[in-house]
Amino acid sequence: MAFITEPKRFLVSLFEAAVKAADPELVIRNHLPERPKGRTIVIGAGKGSAQMAAAFEKAWDGPLEGVVVTRYGYGTPCQRIEIIEAAHPVPDEAGLVASRRLFDAVSNLTEDDLVVALISGGGSALLPAPPEGMTLADEIAVNRALLASGAPISAMNALRKHLSTIKGGRLAKAAFPARVFSLIVSDIPGDDPAFVASGPTVPDKTSRQEALDIIARYRLDLPEAALAHIRSERADAPRPDEACFARNEVRVIASAAVSLEAAVREAQRQGVEAVILSDAIEGEAREVAHVHAAIAREVATRNRPFRKPVVILSGGETTVTLKGKGRGGRNSEFLLSFALDIDGLHGIHALAADTDGIDGSQDNAGAFADGATRLRLRQAGLDGAALLAKNDAWTAFHVLDDLFVPGPTGTNVNDFRAILVQDESGSGHGL
């Protein structure tokens, strides 16, 4: 087995393999629909939607037109599909305009027309479309409350679809009688396509009562206009068994599971065994970190449940319940908590990052940590535990120059965590 002399470079190579496995240009050409008799309209939303649009243009043999919305800075040139950029994770006016443009694109279609929906994570914030009685400010307030709540993404999106005129299958319903063919890059644990971007073209069975239960469970402080709407029957979303969805098709073309398997193959190519804990881990980021750290410690000190050298992989989407006013996303928070738990242990190196290239609202995808992270923070005059308490993991890794900043990747299959455990001396291992 190999001894890894440059752990950071090794971990980055695994991240790159995972992202490449979800590259739209590689996967979209394997999932093209049949050409329709009528028009082909492309719509889309998400952090990877512009790259998906460019890939679809390249692969499609025939006329097409359309519009997609992505996050600011995530656009890519397209010849026939218009790219709109809007705000994420908090919606803005540009997103409101984009939602209207998508409705315009699917209006007045016939049963001979085809709508291709390119959907990836992040679309919920990029498609604000408040119902009558609510304003964009109300939708922004709802979004802020959800982001601070610690609720899992499935719960967030179940609520969002009942406070929207575009989510929960409503965009696909507006396209009827045209057929809608949805290509989904999943950032949802379990890969339920109805929850990706709150399912603008994919309805689900989540009820309005379940949305009300989510508000109560997470003690969400929502605007009165939002509460009034969700208590009314007007908030009921379309059901999957409605006739307007009968001809539609949905395909998940990239996911965390596929990307983690690609990372396994890359680790093995470099001579290190790899194991996947799960591709669908949810929960509070710092608590999930405790479990990962406990496993890493067990491997480092007792060579169980996996033998060194090994890289431990996991995916999914953790959450952060905001209690402080620091900077940092869920991956950097996970990693700071992890670093505190492995303090002083040699031979453990970790990377946690969002596969879209951005963790939270900063420009980093995540960060690196090892058994000396907490010590180096102390030497820099910082208290790692205090920074974690105020949700300021970004500052910790910024000071240590351990932020991971790959830039936008053009895809989004959620969190990527890789923990390398090996004998630090490298004795007994080939280089």
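The structure presented is a predicted model; accordingly, all values stated were derived computationally and were not measured.

Take the sheet that holds strand β8 (residues 310-319) next. Read across the open sheet, the six strands follow the order β7-β8-β12-β9-β10-β11; overall the sheet is mixed. Sheet topology places β7 (273-284) and β11 (403-404) at the edges, where each strand pairs with a single neighbour. Direction of pairing for β8 relative to strand β12 (residues 415-421): antiparallel, over a ladder of seven bridges. Each residue of the ladder has a partner; that of Gly316, found in β12, is Asp415.

When its volume is computed, the largest pocket comes out at roughly 840 Å³. Taken together, 44 residues form the lining of the largest pocket, with Pro89, Leu147, Arg330, Gly360 and Ser361 sitting closest to its centre. Listing elements by their share of the lining of the largest pocket, those giving two or more residues are α5 (123-126), α6 (136-149), α7 (153-160), β8 and α13 (330-341). Considering each element in turn, the lining of the largest pocket owes the most residues, four residues, to α7. Among the residues making up the lining of the largest pocket, the classes are represented as 14 nonpolar, 18 polar and twelve charged.

Turning our eyes to something else, we now look at the UniProt feature "domain: MOFRL-associated" (unreviewed entry) in the chain. In the numbering used here, UniProt assigns the "domain: MOFRL-associated" (unreviewed entry) feature to residues 12-230. Annotated as residues 12-230, this span is 40% helix and 15% strand, and its ends, taken at the C-alpha atoms, are 44 Å apart.

Now for helix α1 (residues 7-21). For α1, which comprises 15 residues, the first-to-last C-alpha distance of 22 Å matches the rise-based estimate of 21 Å (1.5 Å per residue) to within 8%. Most of α1 is tucked away, with eleven of its 15 residues classed as buried. Pro7, Phe10, Leu11, Val12, Ser13, Leu14, Phe15, Ala17, Ala18, Val19 and Ala21 are the residues of α1 that are buried.

Those residues of helix α9 (residues 208-217) lying buried are Arg208, Ala211, Ile214 and Ile215. Buried positions in α9, seen along its axis, are confined to an arc of 110 degrees and lie on one side of it. Of the residues in α9, the exposed ones pointing more than 90 degrees away from the buried face are Ala216 and Arg217. Residues of α9 that are buried in the fold lie against α7 and α10 (224-230). One or two positions beyond α9, positive phi appears at Arg219, with a value near 50 degrees.

Our next topic: the pattern of salt bridges. Proximity of charged atoms lets side chains of opposite charge pair with each other. Under the criterion given, the structure shown has 24 salt bridges. Arg231 is the salt-bridge partner of Glu224, the closest N and O atoms lying 3.6 Å from each other. Each member of the pair, Glu224 as well as Arg231, is classed as exposed. Its salt-bridge partner being Glu249, residue Arg251 comes within 2.8 Å of it at the nearest N-O pair. For Arg251, a relative accessible area of 28% translates into the label partly exposed. Salt bridges linked by common partners bring Glu317, Arg330, Asp354, Asp415 and Arg417 together as one network.

Calculation criteria
Every chain begins its residue count from 1, and numbering advances along the sequence as written. Reporting in this predicted model follows two pLDDT cut-offs: at least 70 for local features of residues, and 80 or more for side-chain atom pairs to be given and counted; totals over whole chains, interfaces and linings ignore these cut-offs and use all residues. Hydrogens and water are ignored here; the side-chain numbers use all heavy atoms of the structure. In this analysis, strands are considered paired if DSSP registers two or more bridges between them. Runs of E in the DSSP output that reach at least two residues are strands. Runs of H or I that reach at least four are helices, and both are numbered from the N terminus. We place a 1 Å grid over just the protein atoms. Points where a 1.4 Å probe fits but has no way out form a cavity, open points with protein on both sides within 12 Å along at least 5 of 7 lines form a pocket, and any residue with an atom within 4 Å of a point lines it. Grid points are joined across faces, edges and corners, and a volume is the space filled by probe spheres set on the points. Three classes are used, and their members are as follows: Ala, Val, Leu, Ile, Met, Phe, Trp, Tyr, Cys and Pro are nonpolar, Asp, Glu, Lys and Arg are charged, and the others, Gly among them, are polar. UniProt positions are given in the numbering used here, feature names are shortened, and annotations may be inferred rather than shown by experiment. Multiplying 1.5 Å by the helix residue count minus one yields the expected span of that helix. Residue burial is assigned from relative accessible area. The probe radius is 1.4 Å, only protein chains are included, and a residue is buried under 20% of its type maximum, exposed over 50%, and partly exposed in between. Relevant arc is that of directions from the helix axis to the C-beta atoms, nothing else. For this analysis, residues touch if any pair of their heavy atoms sits within 4.5 Å. One side-chain nitrogen of Lys or Arg within 4 Å of one carboxyl oxygen of Asp or Glu is enough to make a salt bridge.

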